[in-house]
Amino acid sequence: MASHGARNRSGGRPTLEEVAARAGVGRGTVSRVINGSPRVSDATRAAVEAAVAELGYVPNTAARALAANRTDAIALVVPEPETRFFAEPYFSDMLRGVGAELSDTEMQLLLIFAGSDRERRRLAQYLAAHRVDGVLLVSVHADDPLPDLLSQLEIPAVISGPRSAAETLPSVDSDNYGGGRSAVEHLLSRGRTRIAHITGRLDVYGAQRRVDGYRDALRDAGYPADEGFIAPGDFTEEGGHRAMRELLARTPSLDAVFAGSDVMAAGARRALREAGRRLPEDVAMVGYDDSAIARHMDPPLTSVRQPIEEMGRRMLDLLLTEIADRRPAVSRGLERRQVVLATELVERSSS
């Protein structure tokens, strides 16, 4: 039986993908079993080992040849200033998830900032030398040249959220549209009808989708979105403060606000207090991320939870699959790998 299974449908050696399909698991899980990772259940390990035996999969020779061309390092690239990375819980949560998933491997993680043109040029030279096996790209803007550069260099890469609906690189994101909708539906259920929205940077696709969810929830409830109730922010506390002051000057009758991040919500709360508005009596508020900021605000902030650590783990798992094949998905012509994780509204006293 083993000798029969040692050939796949095209007559060649069985592949990792075929083992995964036979065992009913992902390629990353098969890699963990083969590499002896403890983070696999006994039942899953038994299923993979049975599939390996049945197909006659022999990884040793191929794995050694593959390892000869590897650096055993991946880069987590953040195209933002370092100050933003350390100020926003989103990034530390993402890093925690990546680190947890990477701990079962022999690979090293490099944290690289590329927030300026000079840093981007330096990074391009570094990547062109193929000093890493793959890249995790976090906080991607629509005009960012880095994803296209990675494709040109044929470096396996996964990004934290697509640049658009037509994204070609593998990505892992949360349901930004659903999260925006749930925030507004919650405020509507509290009897609020003049709901403002402080957006994130609109060159980030996720921020655009939160705006779409905001608009559609209002429209479906019979309150077409008034563009005067939307103010742009930039995911910073100061941006939230500035946007809230703009909204209060333009639409003083607002009775609720959905902020596109907890950090911006903190800035908006400061502006409301300066204007003598109380939370939630005068203005109800919902944030986004469900970070530590939300729990420690006064009053505690209702927020849309996105599973950021899980996003980091899934990004790393997807990248390891890309590295195992050694060719980026766009070069293989495979179906796009766009993972979208569910969000959850966490109710607190700000609304």
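Residues numbered from 1 in each chain as written. Predicted model: local features only at pLDDT ≥ 70, side-chain atom pairs only at ≥ 80, totals over all residues. Heavy atoms only, no water.

> Residue-level account of the side chain of Ser174, with values.
Counting through the fold element by element, Ser174 comes out in strand β5 (residues 171-174). Only 2.6 Å separates the side chain of Ser174 from the side chain of Gln306, close enough to count as a polar contact. With sequence-adjacent residues up to four places away left out, Ser174 is seen in contact with Tyr288, Gln306, Pro307, Met311, Val340, Leu341 and Thr343. (Helix = DSSP H or I, 4+ residues; strand = E, 2+ residues; numbered from the N terminus. Polar contact = N/O pair within 3.5 Å; in protein donor to acceptor, adjacent residues only side chain to side chain. Contact = heavy atoms within 4.5 Å.)

> Could you give me a rundown of the sheet that holds strand β12 (residues 344-346), with the residues and numbers involved?
The strand order across the open sheet formed by 6 strands is β7-β6-β8-β9-β10-β12, and the pairing between neighbours is mixed. The open sheet is flanked by β7 (230-232) and β12, the only strands paired with a single partner. Neighbouring strand axes in the sheet, compared pairwise and without regard to direction, differ in orientation by 20° on average. Here 3 bridges tie strand β6 (residues 195-199) to β7, and the two strands are oriented parallel to one another. Along β7, the bridge assignment pairs Ile198 with Ala231. (Pairing = 2+ DSSP bridges. Axes fitted to C-alpha atoms, helices over the stretch in contact; angles between N-to-C directions.)

> Outline the nonpolar core, listing residues and values.
Within the largest apolar cluster, 42 residues are counted, with the highest numbers of intra-cluster contacts made by Met244 and Met285. At the level of elements, α10 (176-189), β6, α11 (205-220), β7, α12 (237-250), β8 (256-259), α13 (262-274) and β9 (284-289) are the ones that each hand at least two residues to this core. Top element by residues in this core is α13. It accounts for 6 residues. With residues near it in sequence (within four places) discarded, Met244 still touches Ile198, Leu254, Val257, Ala268, Ala271 and Leu272. Val138, Val172, Ile308 and Val339 belong to the second largest nonpolar core, which has 24 residues in total. (Core = buried A, V, L, I, M, F, W, Y, C linked by side-chain atoms within 4.5 Å. Buried < 20%, exposed > 50% of the residue type's maximum accessible area, 1.4 Å probe, protein only.)

> Please give an account of the pattern of salt bridges that cites residues and values.
Between side chains of opposite charge, a pair can form when the charged atoms approach closely. In total, this model carries 29 salt bridges according to the counting rule given. Notably, a salt bridge pairs Arg181 with Glu185, separated by 3.1 Å at the nearest N-O pair. Taken together, the residues span about one helical turn, with Arg181 and Glu185 both in helix α10 at a distance of 4 residues. For Arg181, a relative accessible area of 18% puts it in the buried group. (Salt bridge = Lys/Arg side-chain N within 4 Å of Asp/Glu carboxyl O.)

> Outline the pairing of β9, supporting the account with residue identities and numerical values.
Judged by how many residues are buried, β9 sits mostly within the fold: 6 of 6 residues are covered. In the sheet, β8 pairs with β9 via 3 bridges, with the strands oriented parallel. Bridging across to β9, Phe258 finds its partner in Val286. Regarding topology, α13 serves as the crossover connection from β8 to the parallel β9, and that connection is right-handed. Pairing of β9 with strand β10 (residues 302-305) involves 4 bridges; the strand directions are parallel. Among the inter-strand pairings, Val286 is bridged to a residue of β10, identified as Thr302. (Right-handed = clockwise from strand over helix to strand, strands pointing away.)

> I'd love a proper account of the pairing of β8, names of residues and values included.
Burial along β8 is two-sided: Ala256 and Phe258 facing one way and Val257 and Ala259 facing the other are all buried. Two strands pair when backbone bridges link them, and β6 and β8 are joined in this way by 4 bridges, in the parallel orientation. Bridge assignment links Ala196 to a residue of β8, and that residue is Val257.

> Describe the environment of Gly24, with residues and values.
With respect to the helices and strands, the residue Gly24 is situated in the loop between α2 (16-23) and α3 (27-34). Spatially, the C-alpha atom of Gly24 lies 9.4 Å from that of Ala51, the residues being 27 residues apart in sequence.

> An account of the packing of helix α7 (residues 89-102) against helix α15 (residues 308-325) is requested, with residue identities and associated values reported.
Packing of α7 against α15 leaves a shortest axis separation of 7 Å and a crossing angle of 45°. If you check the angle between α7 and α15, you find them oblique. The crossing of α7 and α15 is right-handed. For the pair formed by α7 and α15, the contact residues are Tyr90, Asp93, Met94, Arg96, Gly97, Val98, Glu101 and Leu102 on the first element and Ile308, Glu309, Met311, Gly312, Arg313, Met315, Leu316 and Asp317 on the second. Classifying every residue of the contact of α7 with α15 gives 8 nonpolar, 2 polar and 6 charged. (Parallel < 35°, antiparallel > 145°, perpendicular 65-115°, else oblique. Left-handed = near helix turned anticlockwise from the far one by under 90°. Nonpolar A, V, L, I, M, F, W, Y, C, P; charged D, E, K, R; others polar.)

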